[in-house]
Amino acid sequence: MLKIIIPTIMLLPTALLSPQNLIWTNTTTHSLLIAAISLQWLHPTYFPYKNLTQWTGIDQISAPLLVLSCWLLPLMLLASQNHLQQEPLVRKRIFITTLVTIQPFIILAFSSTELTLFYISFEATLIPTLILITRWGSQPERLSAGIYLLFYTLISSLPLLITLLQLHTQTGTLHLPTLELMHPPLTFSWTGIMSGLALLMTFMVKAPLYGLHLWLPKAHVEAPIAGSMLLAALLLKLGGYGIMRVTLLMGPLMNYLCYPFLALALWGALMTSSICLRQTDLKSLIAYSSVSHMGLVIAAGMIQTDWSFSGAMILMISHGLTSSMLFCLANTNYERTHSRILLLARGLQPLLPLMGTWWLLASLTNMALPPTTNLMAELTIMVALFKWSPLTIMLTGLATLLTALYTLFMLLTTQRGALPTHINSTPNSTTREHLLMTLHILPMILLMLKPELISGPL
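All of these numbers come straight from a predicted model, not from anything done at the bench.

Draft legend 1. Spatial organisation of the overall build of the protein. Check the secondary structure of the protein and you find 18 helices and zero strands. The C-alpha radius of gyration of the protein comes to 21 Å, within 12% of the 23 Å expected for a compact globule of 458 residues. Structurally, the protein occupies a C-alpha span of about 65 × 55 × 45 Å along its principal axes. In the protein, buried positions account for 59% of the 458 residues. Within the protein, contacts between residues at least 6 apart in sequence are counted, and of these 81% link residues at least 24 apart. Counting 20 positive and 13 negative side-chain charges, the protein places the centres of these two groups 8 Å from one another.

Laid out in structure tokens, this is it:
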């Protein structure tokens, strides 16, 4: 554990002390080395926990998410170089420091076996994210987006803290492996039901569940590219991961509490997919598509079968890479046309033909084309839900259809059609951008060959 966390913390002096011409090179190379070392966590073992220390441990559920979070730091640094070009050196240093500060907290949140440590690191990721959005966002609305993010997260997570304290007084421990071996501490009393709701609610807001998702499109649209990638690829996964961890503690109470959440998650997948068809803003469209994909993850987490957990794991990793790539592509368009409106940045394929290829690949993975891991995940979740209740196939089937529709709509609008009259010339795509897209698509292609690395408990 420490051989990843200590080099990650040492990125802070690297960012603060590197000379001006080497600041990006040093931090990106260092974080890529950390990402390479973190790949060893994917090595399967027969033990339930690897690298077990007193408070942290890595099992089949947390390992893929930990590797994803280490993998995305160099990509966020690569993506941010262009829009920070004009900033003075001090601000570049502060930006990189903010990004690096989030990383140890995310690693701790995904690997902690002690629920108190999990709560602290879960909440600590909020502050650097808030700084990223409110300081480096592009529009004045970034302040209201920051306030939405702050209050949604805080209001939902205070009940979680109270429940954790109550669980601790009741059972005497908050150590996850121990709690899983005990009798389920929550009963069918009012206290038990309210505690169960409080445990789930925090993660439902973070995931986000349809109805509690209003902070997400705002935060995504206003955030800089690194903020969008961080939100889509990692912070939403904290919600899904928390649901998978907490539902195991709730025992028979879950059989009754799952219905409203399941209904909202599946209905939300349908609704947000249809909202995507009416979007004019590219980043907003990708943000709403995240809500629809995470709806499937929540539904899978609620029914608690081996298949559904496995599908949720694969979908979280695949969606993390896909949506992050889509945000990078949207950002390359934004840097050239200075507009996120789909109609003002359409028909770009003749100008940037290679970018058109990346758009095609990202769109195909987003709409779950075979043989991508996205398809494998969606099928696994749909089969698990169908086994639980055959009626769910109507909602999941329609959501899949709408996902394909809005993805094609996005691809055709940005790449095809007549070029708008105000775009006369555009800068060529750079090697840095192609490297960034390659580092997104390469893990997806490699995971198609060996999906059991990320299939969680199965």
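Draft legend 2. Representation of the packing of helix H1 (residues 2-17) against helix H4 (residues 89-111) in the model. Packing of H1 against H4 leaves a shortest axis separation of 9 Å and a crossing angle of 170 degrees. In this view, H1 runs roughly antiparallel relative to H4, as classed from their interaxial angle. Residue-level inspection shows Ile4, Ile5, Thr8, Ile9, Leu11, Leu12, Ala15, Leu16 and Leu17 of H1 in contact with H4, the latter providing Arg93, Ile96, Thr97, Val100, Thr101, Gln103, Pro104, Ile107 and Leu108. Residues belonging to the contact of H1 with H4 are distributed by class as follows: 13 nonpolar, four polar and one charged.

Draft legend 3. The arrangement of unusual backbone geometry in detail. A cis amide bond links Ala207 to the next residue, Pro208, at an omega of -15 degrees. With respect to the helices and strands, Pro208 occurs in the loop between helix H9 (190-206) and helix H10 (215-222). Residue Pro371 follows Pro370 across a cis peptide bond; omega there is 5 degrees. If you trace the backbone, Pro371 turns up in the loop between helix H15 (353-366) and helix H16 (373-388). Positive phi values are uncommon outside glycine, yet Gln304 reaches one of about 55 degrees. For Gln304, a relative accessible area of 27% puts it in the partly exposed group. Even without being a glycine, Ala368 presents a positive backbone phi close to 60 degrees. Tracing the chain through its elements places Ala368 in the loop between H15 and H16. With a relative accessible area of 8%, Ala368 lands in the buried category.

Draft legend 4. Expanded view of the nonpolar core. Met204, Met250 and Met302 are the most contacted members of the largest nonpolar core, which totals 140 residues. When residues of this core are assigned to their parent elements, the largest contribution, 15 residues, is made by helix H11 (residues 225-247). The residues contacting Met250, other than those within four sequence positions of it, are Pro184, Leu186, Gly196, Leu199, Leu200 and Leu257.

Draft legend 5. Structural context of H10. Among the eight residues of H10, seven are classified as buried, and the element is accordingly described as predominantly covered. Those residues of H10 that fall on the buried side of the exposure criterion are Trp215, Leu216, Pro217, Ala219, His220, Val221 and Glu222.

Draft legend 6. Expanded view of the pattern of salt bridges. Applying the stated criterion across every chain yields a total of six salt bridges. Arg91 serves as the salt-bridge partner of Glu87, at 3.6 Å between the closest nitrogen and oxygen. The closest approach of N and O atoms between Glu452 and Lys450, which form a salt bridge, is 3.2 Å. Exposure remark for Glu452: the relative accessible area of 46% places this residue in the partly exposed category.

Draft legend 7. Region of the structure containing the packing of helix H2 (residues 23-38) against H4. One way to put it is that H2 packs onto H4 with a least axis distance of 11 Å and a crossing angle of 10 degrees. Judged by the angle between their axes, H2 and H4 are roughly parallel. The residues of H4 that touch H2, namely those facing Ile23, Trp24 and Thr27, are Leu89, Lys92, Arg93 and Ile96. Grouping the amino acids of the contact of H2 with H4 by side-chain chemistry returns four nonpolar, one polar and two charged.

Draft legend 8. Spatial organisation of the UniProt feature "domain: NADH:ubiquinone oxidoreductase chain 4 N-terminal" (unreviewed entry) in the protein. Under the UniProt annotation, the feature "domain: NADH:ubiquinone oxidoreductase chain 4 N-terminal" (unreviewed entry) is placed at residues 1-109. Note that residues 1-109 is 66% helix and 0% strand, and that its end C-alpha atoms are spaced 12 Å apart.

Draft legend 9. Highlighting the packing of aromatic side chains. All chains considered together, the criterion is met by nine aromatic pairs. Taking the centre distance of 5.0 Å and the plane angle of 80 degrees together, the rings of Phe95 and Trp136 count as edge-to-face. On the criterion of sequence distance, the pair formed by Phe95 in helix H4 and Trp136 in helix H6 (residues 126-136) is long-range, its members being 41 residues apart. Of the two residues, Phe95 and Trp136, neither departs from the other in class, the shared state being buried. Geometrically, the ring pair formed by Phe118 and Phe122 is tilted, given 5.7 Å between the ring centres and 35 degrees between the ring planes. Taken together, the positions of Phe118 and Phe122, both in helix H5 (residues 115-124) and four residues apart, correspond to about one turn of that helix. You'll find Phe118 and Phe122 in the same group, each marked buried. Positioned over the ring face of Trp136 is Arg135, at 5.1 Å from the centre of the ring. A cation over a ring is seen here: Lys206 above Phe122, with NZ or CZ 5.5 Å from the ring centre.

So, how was this worked out
- Residues numbered from 1 in each chain as written.
- Predicted model: local features only at pLDDT ≥ 70, side-chain atom pairs only at ≥ 80, totals over all residues.
- Heavy atoms only, no water.
- Helix = DSSP H or I, 4+ residues; strand = E, 2+ residues; numbered from the N terminus.
- Rg over C-alpha atoms; globule rule 2.2 N^0.38 Å.
- Buried < 20%, exposed > 50% of the residue type's maximum accessible area, 1.4 Å probe, protein only.
- Contact = heavy atoms within 4.5 Å.
- Lys, Arg positive; Asp, Glu negative; His and termini not counted.
- Charge placed at Lys NZ, Arg CZ, Asp CG, Glu CD.
- Axes fitted to C-alpha atoms, helices over the stretch in contact; angles between N-to-C directions.
- Parallel < 35°, antiparallel > 145°, perpendicular 65-115°, else oblique.
- Nonpolar A, V, L, I, M, F, W, Y, C, P; charged D, E, K, R; others polar.
- Core = buried A, V, L, I, M, F, W, Y, C linked by side-chain atoms within 4.5 Å.
- Salt bridge = Lys/Arg side-chain N within 4 Å of Asp/Glu carboxyl O.
- UniProt positions renumbered as here; feature names shortened; annotations may be inferred.
- Phe/Tyr/Trp six-rings, centres within 6.5 Å; stacked < 30°, edge-to-face > 60°.
- Lys NZ or Arg CZ within 6 Å of the ring centre and 35° of its normal.

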